[in-house]
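# Overview (structure and organization)
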Amino acid sequence: MESLYHQTNSTLKEIEQCFQRLGQIGPQEALDVENAIQVKITQANSNCDRLDVLLFKVPPSQRQSSKLRIDQLKYDLRHLQTSLQHARDRRQRRQQEISEREQLLNHRFAANSNAPNETCLQLDYELQHHTQMGNAHRGVDDMIASGSGILESLISQRMTLGGAHKRIQAIGSTLGLSNHTMKLIERRLVEDRRIFLGGMVITLLIIALIIYYFIVL
């Protein structure tokens, strides 16, 4: 079980390195890297399923700590899967912008009948305004997607903390931890929950201000 756990943990580190490459390569290469990331995530999820089965073979005294480590792997994989989806969305939007730009540059404008040597470029104010609005909307979509990812991560973290609280209590009763130590752990969990709620409120306020600024104003 330990070898499989370390193998899965190494796979997560490889995935993080692949994400660092995404911001430094072109769209076509990014597609290949995204596919490689998806393969690694699928393999890591399969390893986690095997770890869940092997968990029952661990001695009861070590089972709780082993389950905490496996749950952390699953949480990291969910976060990486969400990040991969956001990266795919950004790449598709970039490809669409490049395609629209190429269509505009390759468009043949009609010659002016009064001046044969001149071309009639009908790029008026409304077209520029439409382009600016499209860019603004895409920027808002990116920010909303990023905020959604943060909220999903915070929700997953809250669920993980709740499960960890119950497991820590079980481990404490098994190992005979003192009441003072258990109170310190519970106080830390309460503080983490307050930070979680504060982060959600601040994130929602930022998203609301961004939407108001780009759409209403």
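All values derive from a computational prediction rather than experimental measurement. (Residues numbered from 1 in each chain as written. Predicted model: local features only at pLDDT ≥ 70, side-chain atom pairs only at ≥ 80, totals over all residues. Heavy atoms only, no water.)

## Some words on the overall build of the protein
Within the protein, the regular secondary structure consists of five helices and zero strands. Each helix and strand of the protein, placed in order from N terminus to C terminus, yields the pattern α-α-α-α-α. Out of the 217 residues belonging to the protein, those deemed buried represent 24%. Look at the contacts in the protein between residues 6 or more apart in sequence, and 75% of them connect residues 24 or more apart. Summed over all atoms, the accessible surface of the protein reaches about 15200 Å², with 55% contributed by carbon and sulfur. (Helix = DSSP H or I, 4+ residues; strand = E, 2+ residues; numbered from the N terminus. Buried < 20%, exposed > 50% of the residue type's maximum accessible area, 1.4 Å probe, protein only. Contact = heavy atoms within 4.5 Å. Areas by Shrake-Rupley, 256 points an atom, 1.4 Å probe, with all protein chains shown as cover.)

## Considering the nonpolar core
Grouped together as the largest cluster of nonpolar side chains are 22 residues, with contacts concentrated most on Phe-19, Leu-22, Ile-37 and Ile-41. For this core, the secondary structure elements donating two or more residues are α1 (2–22), α2 (27–54) and α3 (60–106). Residues in contact with Leu-22, not counting those within four places in the same chain, are Ala-30, Val-33, Glu-34, Ile-37 and Ala-87. (Core = buried A, V, L, I, M, F, W, Y, C linked by side-chain atoms within 4.5 Å.)

## Digging into the side chain of Arg-88
Structurally, the position occupied by Arg-88 is in helix α3. We note that Arg-88 is buried and unpaired, the nearest opposite charge coming from Glu-34 at a distance of 4.2 Å. Among all residues touching Arg-88, those that are not within four sequence positions of it are Glu-34, Asn-35 and Gln-38. (Lys, Arg positive; Asp, Glu negative; His and termini not counted. Salt bridge = Lys/Arg side-chain N within 4 Å of Asp/Glu carboxyl O.)

## Focus: the packing of α1 against α3
Where α1 meets α3, the axes come as close as 11 Å, and the angle between the chain directions of the two elements is 20°. The orientation of α1 relative to α3 falls into the category roughly parallel. The two elements α1 and α3 cross, and the hand of that crossing is left-handed. Within the contact between the two elements, α1 uses Glu-2, Tyr-5, Thr-8, Asn-9, Leu-12, Ile-15, Glu-16, Phe-19 and Leu-22 and α3 uses Arg-69, Leu-73, Asp-76, Leu-77, Leu-80, Ser-83, Leu-84 and Ala-87. (Axes fitted to C-alpha atoms, helices over the stretch in contact; angles between N-to-C directions. Parallel < 35°, antiparallel > 145°, perpendicular 65-115°, else oblique. Left-handed = near helix turned anticlockwise from the far one by under 90°.)

## Details of the UniProt feature "coiled-coil region" (unreviewed entry) in the protein
In the numbering adopted here, UniProt assigns the feature "coiled-coil region" (unreviewed entry) to residues 70–97. Across residues 70–97, helical content stands at 100% and strand content at 0%; the span's end C-alpha atoms are separated by 41 Å. (UniProt positions renumbered as here; feature names shortened; annotations may be inferred.)

## Let's talk about the environment of Ile-70
Tracing the chain through its elements places Ile-70 in helix α3. For Ile-70, a relative accessible area of 1% translates into the label buried. Those residues in contact with Ile-70 that sit more than four places away from it in its chain are Met-1, Leu-51, Asp-52 and Leu-55.

## Digging into the environment of Glu-152
Tracing the backbone through its elements, the reader meets Glu-152 in helix α4 (residues 125–175). For the pair Glu-152 and Thr-82, spaced 70 residues apart in sequence, the C-alpha separation works out to 8.7 Å.

## Digging into the packing of aromatic side chains
This structure, assessed with the given rule, holds zero aromatic pairs. Of note, Arg-69 hangs over the ring of Tyr-5, and the distance from its end group to the ring centre comes to 4.3 Å. (Phe/Tyr/Trp six-rings, centres within 6.5 Å; stacked < 30°, edge-to-face > 60°. Lys NZ or Arg CZ within 6 Å of the ring centre and 35° of its normal.)

## Digging into α1
Across its 21 residues, α1 extends 31 Å between first and last C-alpha, which sits within 8% of the 30 Å expected from 1.5 Å per residue. All of the buried residues along α1 are Leu-4, Tyr-5, Thr-8, Thr-11, Leu-12, Ile-15, Cys-18, Phe-19 and Leu-22. Considered in projection along α1, the buried side chains sweep an arc of 130° and stay on one side of the axis. Exposed side of α1, more than 90 degrees from the buried face: Ser-3, Lys-13, Gln-17 and Gln-20 are the residues found there. (Expected span 1.5 Å × (residues − 1). Arc of directions from axis to C-beta.)

## Things to note about the side chain of Thr-11
Considering the arrangement of structural elements, one finds Thr-11 in helix α1. Beyond its immediate stretch of four places on either side in the chain, Thr-11 contacts Lys-40 and Ala-44.

## Things to note about α3
A rise of 1.5 Å per residue sets the reference length of α3, with its 47 residues, at 69 Å; its end C-alpha atoms lie 69 Å apart and thus fit the reference within 8%. Within the sequence span of α3, burial applies to Ser-66, Ile-70, Asp-71, Leu-73, Tyr-75, Leu-77, Leu-80, Leu-84, Ala-87, Arg-88 and Arg-91.

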